[in-house]
Amino acid sequence: MGEAGAGAGAPGGPETSPEAEVVKLLPFLAPGARADLQAAAVRHVLALTGCGPGRALLAGQAALLQALMELAPASAPARDAARALVNLAADPGLHETLLAADPGLPARLLGRALDPQWPWAEEAAAALANLSREPAPCAALMAALAAAEPADSVLERLVRALCTPGYNARAPLHYLAPLLSNLSQRPAARAFLLDPDRCVVQRLLPLTQYPDSSVRRGGVVGTLRNCCFEHRHHEWLLGPEVDILPFLLLPLAGPEDFSEEEMERLPVDLQYLPPDKQREPDADIRKMLVEAIMLLTATAPGRQQVRDQGAYLILRELHSWEPEPDVRTACEKLIQVLIGDEPERGMENLLEVQVPEDVEQQLQQLDCREQEQLERELAPEPWVERATPT
């Protein structure tokens, strides 16, 4: 039904090229176009984003991309246009083409995502999250945003919107969290997040328990994990100013009844949890939490702080309960670090240990095989399910 309706708004003879057909849509997308024809044209665009060739056709059309962004916010076509942009951004092979065709697209999407009155802000945030998944497009996106305004200003606005309940009454803005996680791949973003004077990490920590959205929880946990790569900040993260460890352990804790002696070893927030306490239900998030704690054990002082806060007890029970093999394996490795002997002198920082070249090649081969297996098992869009026209 949607594709048939869209066809009425895009006339063209059999000899017309696909690119010319797209160009013919532009008058119907212009402000002031007849509402029914505008709606049909946008539905046609949305239908094209449902397949690879259609997305490839649209990604290089700068005028069309700009027209989609400029539709009146309250209209149904604006909703379908926003979903079309999400679908285009979900194709990693098109990121370079999208940014080359419309270098101003990231800044306009961010403006929409952070506009408290924009009804389709969630879709704008989702498109940005998709655009920033891979390292190279993420770097290009960060550069494009920084060109529009200082990077610190962009990140501060993003964090404020994410951490402010009801920031946009018509859009939940859950996808700002994976966007922030993706941007935290970049050293400049991590420097902002870990600036002690900004209190950014402290604002994000409560969202590790956000009950209404695994997308938001996962994005925040991914951001914290990326921050934990910066081992020079571990003392601050584990210390009283931030106290990150209880926030990473609590989602992994269940309703276990520890002995009094064991209970005293745990942080106060992890003691005497109710009998109906549930662990984080998303296996990917549980794995990221374990990985974040593993990163915090990279240095000898970090390992000691993690041991002193009773992390082993929570991880021991998690390992006994954990149904997912990947998470169990990650948990086993972390437990071995906590209960094993300290590395020999000169190798105390596990993030700076030099791996022999042959071992590194073997590990890379294993990573490639695991990645291929994941790509076969998982959908290509980890954060956004493609919209389909109705």
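Predicted model only: the values in this text are computed from it and were never measured.

Parameters at a glance
- Residue positions are given per chain, counted from 1 along the sequence in the order it is written.
- A pLDDT threshold of at least 70 governs which residues receive local features in this predicted model, and a stricter bar of 80 or more applies before side-chain atom pairs are shown or counted, although totals over entire chains, interfaces and linings include all residues.
- The side-chain values count all of the structure's non-hydrogen atoms but skip hydrogen atoms and water molecules.
- Categorising residues by exposure relies on relative accessible area from a 1.4 Å probe, with only protein chains included: less than 20% of the type maximum marks a residue as buried, more than 50% marks it as exposed, and the intermediate range marks it as partly exposed.
- Helix and strand assignments follow DSSP, with helices taken as H or I runs no shorter than four residues and strands as E runs no shorter than two, numbered in order from the N terminus.
- Contacts between residues were defined by any pair of non-hydrogen atoms, one from each residue, lying within 4.5 Å.
- Grid spacing is 1 Å over the protein atoms alone, the probe is 1.4 Å, and a cavity is where that probe fits but cannot get out, while a pocket is an open set with protein on both sides within 12 Å along at least five of seven lines and lining residues have an atom within 4 Å of a point.
- Grid points are joined across faces, edges and corners, and a volume is the space filled by probe spheres set on the points.
- In this classification, the charged set is Asp, Glu, Lys and Arg, the nonpolar set is Ala, Val, Leu, Ile, Met, Phe, Trp, Tyr, Cys and Pro, and all remaining amino acids, among them Gly, are polar.
- Aromatic rings from Phe, Tyr and Trp, with only the six-membered ring used for Trp, were paired whenever their centres fell within 6.5 Å, and each pair was classed as stacked if the ring planes differed by under 30 degrees, edge-to-face if by over 60, and tilted otherwise.
- Only lysine NZ and arginine CZ atoms are considered, and such an atom sits over a ring when it is within 6 Å of the ring centre and within 35 degrees of the ring normal.
- Any Lys or Arg side-chain nitrogen found within 4 Å of a carboxyl oxygen on Asp or Glu counts as a salt bridge.

*Asks:* Before we move on, could you go through helix H9 (residues 121–131) and cite the residues and values that matter?
*Replies:* The buried count for H9 comes to 11 of 11 residues, which makes it a mostly enclosed element. Every buried residue of H9 is listed here: Ala 121, Glu 122, Glu 123, Ala 124, Ala 125, Ala 126, Ala 127, Leu 128, Ala 129, Asn 130 and Leu 131. As for H9, its buried residues are in contact with helix H6 (76–89), helix H7 (95–101), helix H8 (105–113), helix H10 (135–148) and helix H12 (176–183).

*Asks:* A description of the environment of Ala 177 should follow, citing residues and the corresponding values.
*Replies:* Considering the arrangement of structural elements, one finds Ala 177 in helix H12. The sequence separation of Ala 177 and Leu 162 amounts to 15 residues, and the corresponding C-alpha distance is 6.9 Å. Other than its neighbours up to four places away in sequence, Ala 177 contacts Leu 162, Val 215, Arg 216, Gly 219, Val 220 and Thr 223.

*Asks:* Which residues make up empty space enclosed by the protein, and what are the values?
*Replies:* Leftover empty space is mapped by rolling, across the atoms, a probe with the size of a water molecule. Considering all chains together, one arrives at 4 cavities of 30 Å³ or more under this definition. Here the largest cavity is characterised by a volume of approximately 110 Å³. Along the walls of the largest cavity sit 13 residues, with Met 69, Ala 78, Ala 82, Leu 85 and Trp 118 positioned nearest its centre. Those elements that place two or more of their residues in the lining of the largest cavity are helix H5 (62–69), H6, H8 and H9. At 4 residues, the largest contribution of residues to the lining of the largest cavity is made by H6. Its residues assigned to classes, the lining of the largest cavity shows 11 nonpolar, no polar and 2 charged.

*Asks:* Would you mind going over the packing of aromatic side chains in detail, with residue names and values included?
*Replies:* For any pair of aromatic rings, the description rests on two quantities: the centre-to-centre distance and the angle between the ring planes. Within the structure shown, the criterion is met by 0 aromatic pairs. Lying over the aromatic face of Tyr 210, Arg 216 brings its terminal NZ or CZ to 4.8 Å of the ring centre.

*Asks:* Got a sec to walk through the pattern of salt bridges? Specific residues and values, please.
*Replies:* Any two side chains of opposite charge can pair, on the condition that their charged atoms come close. Throughout the structure, instances matching the rule amount to 14 salt bridges. Between Asp 80 and Arg 79 there is a salt bridge; the shortest N-O distance is 3.5 Å. Classification of Arg 79 as partly exposed rests on a relative accessible area of 29%. Across the pair Arg 108 and Asp 102 runs a salt bridge whose closest N-O atoms are separated by 2.2 Å. Judged by relative accessible area, Asp 102 falls into the buried class, the value being 3%. The network of salt bridges with common partners includes Glu 156, Arg 160 and Arg 203.

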